[in-house]
Every structure is written in structure tokens, then in C-alpha cells.
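Examining the three-dimensional arrangement
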Amino acid sequence: MDSTPHTDPSAIDRDDWGDYDPIRSGPDYVESLRGRNLKVYLFGERVKEPVDHPIIRPSINAMAATYDLAAEEPELATARSPYTRRPVNRFLHIAENANDLVMKARMQKKLGQKTGTCFQRCVGLDALNALHSVTYECDEFHGSAYHQRFVDFLTRAQTKNQIIGGAMTDAKGDRSKAPHQQNDLDVYLHISRRDANGVYVTGAKCHQTGCLNSHWLLVMPTIRLGESDRNFAVVGAIPAHARGITYIYGRQSCDTRSLEPGNIDSGNASFSGQEAMIVFEDVFIPWERLFLDGEVEFAAPLVERFTTYHRCSYICKTGVGDVLIGAAAEIADLNGVASASHVKDKLVEMTHLNETIRSSALASAYEGRPLKSGAWINDEMLANVCKQNVTRFPYEISRIAQDLAGGLMVTLPSEQDLVDDDVGPLIRKFLVGRDGVDVVDRIKVLRLIENMTLGRNAVGYLTESMHGAGSPQAQRIQIARGMNIDEKRKLARTLAGTKS
Ligand code: SF4
């Protein structure tokens, strides 16, 4: 591990780092997001202060949980940085050994359990880890100076304890064409001009997790690039509040329930994920925050390393799965069928699927290996197997949870009816479960299952599981590349004693 300490913190524009002390807690973090004057659009209107918007706030709460966990369980959610020589939030730490990869996975599972949704911070962590080795190897090959710049930036981020969001997925336009062949070059983020101080980028990044809850955006290419794509081979750190950035907030199923009075119908009123489209119009990146500039041969390694890290990060879904399995067991009990053998068997099936995801994620961490820069990376095959499991098993777990919940989950009256003087008593009378069960508790558990399997947090638990960190086919391509079928055939031939 290259542990050169940060050289000159004052070399970087202070305003971009915010005029506040290092962030120490969830509430500190929430305050750090205020007053940034971000250009955010939701339902066709500009959002004045995202922190106070009832649809956006649950996603900020989920991100804040990453700070609170570091304070509550420092052995799990912090690590000693070789750069600051102090403990830093594990979401800003470069893995120095296999144990760091394992601890990262455990932390992600725990946060899934605590939030029941996507806590959004892993994209940046995985981008930082991928960039550590790629900048090192690029410098070695080209004689460039990206690695030290990157380490300086990382050190400052660790000191301020800020959130680095990753921004990788371009709009992509015609998928059959390379970036430079597109009719509108803006469908891939690219360098649109240069001056004495740095470069300017134009384009868009789609469905970016937690982007406006971040302090920084780390833009990266999204595909393998060729010689003619030099302007698209750009990696740099941009303040989330930089001039020229527009965020168009992605809406989520049932999101407007957060605008209604009461908390029950939301299902999980505290936490949600966040995705938005980020449009960049001539956005400035100074040289000191530019970590790749035209080195097309390093785009593919960057994407592959990022996805290897990120596909294991999807152990987060096993924490969310724990919540859903718990909710399924809870509703079975409230309905009075907890001891039925088929119910017990369904809970075992859900657990088996969930733990299969966990086992592949942890195995890929234990089988990690060091790279030239000193950073460690997960085993690539097992990372792809983990993510492939994630594209399937949460759907089956959700199906069983809905089976155990029953149809009432989608026909329940609203919270407003529940508190109405006329119909409220009728709802309480007819929706009783087993003896001694509070009707409202029963409704709350059903709403949680609805939230996770077809409501707002199904975005994170299901569709994001399918497409985040690459759609299923992307993992199958990598599995095919690494499966070494010839070696396996040789083993079979040897034992079978065949000659041809
Ligand atoms: Fe992290 Fe999971 Fe959200 Fe990805 S989907 S950012 S791995 S919590």
C-alpha cells in the first residue's frame, strides 16, 4: 500500500470542501447538505432545499445511517487510514487485505438490516478502490501523475469525512455504436473543452445512486473505449454543487405516500434509496482532481475492477432480505399460523436463498488478492456469482413473503381511513388477527412487506438487484470468460480415461 501522507491540503479550493468541521455523526452530515443550492428537479419543479423535501429526506436518512454506524460500531464501520494515520469511515477506506474486504461486506449487511433499503454509499467506495490501483498502473505505464493526485483527494475526503458518490452509467444512445460514433456525443460524458486550469465535461450520468446526497461525484467511463474515444476517457472528482450540474430526480413507486399525513402507509417512513439523472453542461474539473485524461486502455480495467468490487457490495441485499424474512415471520405470527409446517418451511427457503447470496459475497472477499498499488480486490468469479444470485433470489424471497402476507397487503384501506371516526372502528373490528394482536401492528407489518416487494423500497430490493452493477448478462459474460472450461474438460477426460 502506497501510504504517502496528504501533501498540501490548502492546494485544493476550500469552498469546494465546505466551510464546516469534519462530519462526525448522522445529524452533522444532514446539516452539511444544507444550503448547497443544488439544481434539483422533481415532478417538474425545482426543489428549494432537498434536505427538507419529504420524498427526498428518507434517502438522506439512509445515507446518514452510515455515519451513525461508524459512531456506534467503530470496529465494524471504521478502519485506520494509512494516509491520515487515523480511523476513517470504512466507506472511505482502501482495502489493504482480505479482512478489509470481509469487514466491508459485514458492514454492508448490517446497514441493509438497519435501513431496509439502499444506503447508497457503496458506489463511491468501490470507485475509490478501483481508482487506487488503476491510477497507480496508469502512472507506471504512461509516466503520468494521477495516483498522488488521487491520494491527495482521498486524504482530504477522509479528513473531512465527506461522501464520494460514483457516477459511471452514461445515457449510451445507440448501444450498437461506440461513443465517438453517436449522433449526439453527449450521450457519453466527455471532455468538451480545456483551458489552462483544467477540463470541462458535458454529458449525463443516468440513475445515479445517492448522487445528490453526496458531497462529491467521481465521474468515470462506463465501457471499454477505443483510440477514437479519447475524449470519453475521463475520470475526475466534481463537487456535487458544481456549476453546470442539473439533477432530475427519479421517482419511485408509492413515493408520494411520503407527502401524505401519517407514517403507516409509507411502509418504511424513515428510509429509502435515491436515483437521479445528472446532466453535466460544461462542468469544470481542475487538473488536481483529474485522475484519467485520454488513457483509453485503462477504461476497461477501471470498469472491470469497479464491477468486481461492486458486485460483492450487493451483500447489502442480504441485510434487506433479513428484514423481509423477519416481516414474513412476523405476519405469519400475527395471523396465527406461525406453527404451520409449510410456514416454517417457507421461512427456511427464504433464509437459504438469502444466505446463499451472503456466502458468495464473503467467499469473494476471503479469496481476495493484492494489486500492484497495494489495494486488495475481491475474487472476480465469485463476485460475479454473487451478483448473479442477487438478480434472482430477492425475487423468490419476495414471492414467498407475499405468499405469507396474503392478499390483504394490497387491499388494505389507507391510514386516513384508519383514523376516520366513521370507518376507522370498522377497520379495527374486521382486520383482527390472532388473539391479543394490535390491528395497527398487523397493518404496519403488511405495509412494510408491500413497501419492500412492490412499493418504494422494491426499487432497491428488486429492480436495483437486477440491474445495479450490471444487468444479469454482464455477469454471465464475465463468468463465461473465467470459467476455464478446457481445464474442466481435461479433468473429466483424465478420470474417464478417454484418449481423444
Ligand atoms: Fe450499496 Fe446495495 Fe445501494 Fe448498491 S444497492 S449502493 S451495494 S446499498
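Here, the structure is the one placed above.
The sections below set out a description of the structure shown in this document. All values derive from a computational prediction rather than experimental measurement.

The helix and strand tally for the chain stands at 17 helices and 14 strands. A compact globule built from 500 residues should have a C-alpha radius of gyration of about 23 Å, and the chain, at 24 Å, falls within 12% of that. Summarising its shape, the C-alpha atoms of the chain cover approximately 75 × 75 × 50 Å along the three principal directions. Burial status across the chain gives 55% buried among its 500 residues. Looking at the chain alone, contacts between residues at least 24 apart form 78% of all its contacts between residues at least 6 apart. Only carbon and sulfur atoms are counted for the fraction: they give 51% of the accessible area of the chain, which is about 20900 Å². Put simply, the chain has 58 plus and 64 minus side-chain charges, and the middle of one group is 4 Å from the middle of the other.

So, on to the sheet that holds strand β8 (residues 216-219). With mixed pairing, four strands are arranged side by side in an open sheet as β5-β8-β9-β12. For this open sheet the edge positions go to β5 (164-167) and β12 (290-293), each flanked by a neighbour on one side alone. Strand-to-strand twist of the sheet, defined as the mean angle between neighbouring strand axes without regard to direction, takes the value 25°. Relative to β8, β5 is paired through four bridges, and the arrangement is parallel. In the sheet register, glycine 165 faces β8, and the bridge partner there is leucine 217. Across the sheet, helix α6 (residues 146-160) is in contact with β5, β8, β9 (234-239) and β12; its angle to β12 comes to roughly 150°.

Time to look at the pattern of salt bridges. Applying the stated criterion across every chain yields a total of 24 salt bridges. Residue arginine 447 is joined to aspartate 265 by a salt bridge in which the shortest nitrogen-to-oxygen separation is 3.2 Å. With arginine 447 in helix α14 (residues 439-453) and aspartate 265 in the loop between β10 (245-249) and β11 (275-286), this pair connects stretches of sequence that are 182 residues apart. The class of arginine 447 is buried, set by a relative accessible area of 4%. Of the charged contacts, one joins glutamate 355 and arginine 358 as a salt bridge, the two residues approaching to 2.5 Å between their closest N and O atoms.

Picture the strands of a sheet paired through backbone hydrogen bonds; they go either parallel or antiparallel. Pairing in this open sheet of six strands is mixed, and the strands run β2-β1-β10-β11-β7-β6 from one edge to the other. At either end of the open sheet lies a strand with only one pairing partner, and these are β2 (45-46) and β6 (190-195). Sheet topology places strand β1 (residues 40-42) next to β2; two bridges connect them, and they run antiparallel. For tyrosine 41, the partnering residue across the bridge sits in β2 and is arginine 46.

What follows concerns the site of the ligand. Contacts to the ligand come from Cys118, Phe119, Gln120, Cys122, His310, Ser313, Tyr314, Cys316, Lys317 and Glu464. Residue assignment for the shell around the ligand shows that the elements contributing at least two residues are α7 (299-313) and α8 (316-335). Residues that form the shell around the ligand fall into these classes: five nonpolar, three polar and two charged.

With 82 residues, the main nonpolar core has Leu128, Ile164, Leu218, Phe291, Met350, Ile443 and Ile449 as its most contacted residues. Setting aside anything within four residues of it in sequence, one finds phenylalanine 291 in contact with Leu131, Thr135, Tyr146, Arg149, Phe150, Phe153, Leu218, Val235, Gly236 and Ala237. Among the nonpolar cores identified, the runner-up in size contains 38 residues, and Ile55, Leu189, Val234 and Ile278 belong to it.

Interhelical geometry of α8 versus α14 gives an angle of 145° and a closest axis separation of 10 Å. Classified by chirality, the crossing of α14 by α8 is left-handed. On the side of α8, the interface is formed by Val320, Val323, Leu324, Ala327, Ala328, Glu330, Ile331, Leu334 and Asn335, while α14 contributes Asp441, Arg442, Val445, Leu446, Leu448, Ile449, Met452 and Thr453. Across the contact of α8 with α14, the residue classes tally to twelve nonpolar, two polar and three charged.

Right, let's get into helix α17 (residues 485-496). Taking 1.5 Å of rise per residue, the twelve residues of α17 would be expected to cover 16 Å, and the 16 Å separating its terminal C-alpha atoms lies within 8% of that figure. Glycine 497 sits one or two residues past α17 and shows a positive phi near 70°.

Rules behind the numbers
- Residues numbered from 1 in each chain as written.
- Predicted model: local features only at pLDDT ≥ 70, side-chain atom pairs only at ≥ 80, totals over all residues.
- Heavy atoms only, no water.
- Helix = DSSP H or I, 4+ residues; strand = E, 2+ residues; numbered from the N terminus.
- Rg over C-alpha atoms; globule rule 2.2 N^0.38 Å.
- Buried < 20%, exposed > 50% of the residue type's maximum accessible area, 1.4 Å probe, protein only.
- Contact = heavy atoms within 4.5 Å.
- Areas by Shrake-Rupley, 256 points an atom, 1.4 Å probe, with all protein chains shown as cover.
- Lys, Arg positive; Asp, Glu negative; His and termini not counted.
- Charge placed at Lys NZ, Arg CZ, Asp CG, Glu CD.
- Pairing = 2+ DSSP bridges.
- Axes fitted to C-alpha atoms, helices over the stretch in contact; angles between N-to-C directions.
- Salt bridge = Lys/Arg side-chain N within 4 Å of Asp/Glu carboxyl O.
- Near = heavy atom within 4 Å.
- Nonpolar A, V, L, I, M, F, W, Y, C, P; charged D, E, K, R; others polar.
- Core = buried A, V, L, I, M, F, W, Y, C linked by side-chain atoms within 4.5 Å.
- Left-handed = near helix turned anticlockwise from the far one by under 90°.
- Expected span 1.5 Å × (residues − 1).

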